[in-house]
Amino acid sequence: MDGKVTLLLRPDSPRPIIALVAHDRRKEEMVEWAHFNRGTLSRCTIYATRTTGLTLQAELETPMHLLLSGPMGGDSQLGSLIAEGRIDAVFFFWDPLTPQPHDVDVKALLRLAVLYDVAIACNRSSADHIISSPLFAVPEKYRQDRGQVGPEFAPWAR
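The shown structure was predicted, so the numbers you read here are calculated from the model rather than taken from an experiment.

Moving on, we get to the packing of helix 1 (residues 27-36) against helix 3 (residues 50-60). Where helix 1 meets helix 3, the axes come as close as 10 Å, and the angle between the chain directions of the two elements is 40°. Put simply, helix 1 runs oblique to helix 3. Crossing handedness for the pair helix 1 and helix 3: right-handed. In contact with K27, M30, V31, A34 and H35 of helix 1, helix 3 contributes T51, T52, T55, L56, E59 and L60.

A separate point is the pattern of salt bridges. Counting across every chain of the model gives five salt bridges. Here E32 ties to R124 by a salt bridge, and the two come within 3.7 Å at their closest N and O atoms. With E32 in helix 1 and R124 in helix 6 (residues 124-131), this residue pair connects regions lying 92 residues apart in the sequence. The class of R124 is partly exposed, set by a relative accessible area of 26%. In this structure, the salt-bridge partner of E84 is R86, at a minimum N-O distance of 2.2 Å.

Among the secondary structure elements, R86 is positioned in the loop between helix 4 (74-83) and strand 4 (89-93). For R86, a relative accessible area of 9% translates into the label buried. The spatial distance from the C-alpha of R86 to the C-alpha of I18 is 8.8 Å, given a sequence separation of 68 residues. Here E84 takes part through its side chain, which lies 2.2 Å from a polar atom of the side chain of R86.

Reading the values: the criteria
- Residues numbered from 1 in each chain as written.
- Predicted model: local features only at pLDDT ≥ 70, side-chain atom pairs only at ≥ 80, totals over all residues.
- Heavy atoms only, no water.
- Axes fitted to C-alpha atoms, helices over the stretch in contact; angles between N-to-C directions.
- Helix = DSSP H or I, 4+ residues; strand = E, 2+ residues; numbered from the N terminus.
- Parallel < 35°, antiparallel > 145°, perpendicular 65-115°, else oblique.
- Left-handed = near helix turned anticlockwise from the far one by under 90°.
- Contact = heavy atoms within 4.5 Å.
- Salt bridge = Lys/Arg side-chain N within 4 Å of Asp/Glu carboxyl O.
- Buried < 20%, exposed > 50% of the residue type's maximum accessible area, 1.4 Å probe, protein only.
- Polar contact = N/O pair within 3.5 Å; in protein donor to acceptor, adjacent residues only side chain to side chain.

Structure follows, in structure tokens:
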């Protein structure tokens, strides 16, 4: 919240480090989901693209690290955090029916989450599954395993 996105986070932090992103037509759904899960989210370190984060902060009263707005580079910033191994899960309620001016960035973000084995929820159902998983509350071991192997671990990427 000091504006420095590049601050390194402790890899042994017991708090899940998550990202919240929602396209305009999905923001209301994200707010409803976040409100329902506000207790769990209050125990997370949260990054959010600017417009989504400002919308959620008003509802949740939870501190968040705000990235740029998605079309202004926020999706790319988040992709960088994923590539650096600093995000445990992404909750990205994207709108598959509306063309986005930054479609290339959206695709890159989705690709990086898959490449670096970061859990990504693209709708409320998958978000509910991820946030209710027993693995969500204890990210340290998973972080360590994921950090040791990197994207070259994926057999299909060789």
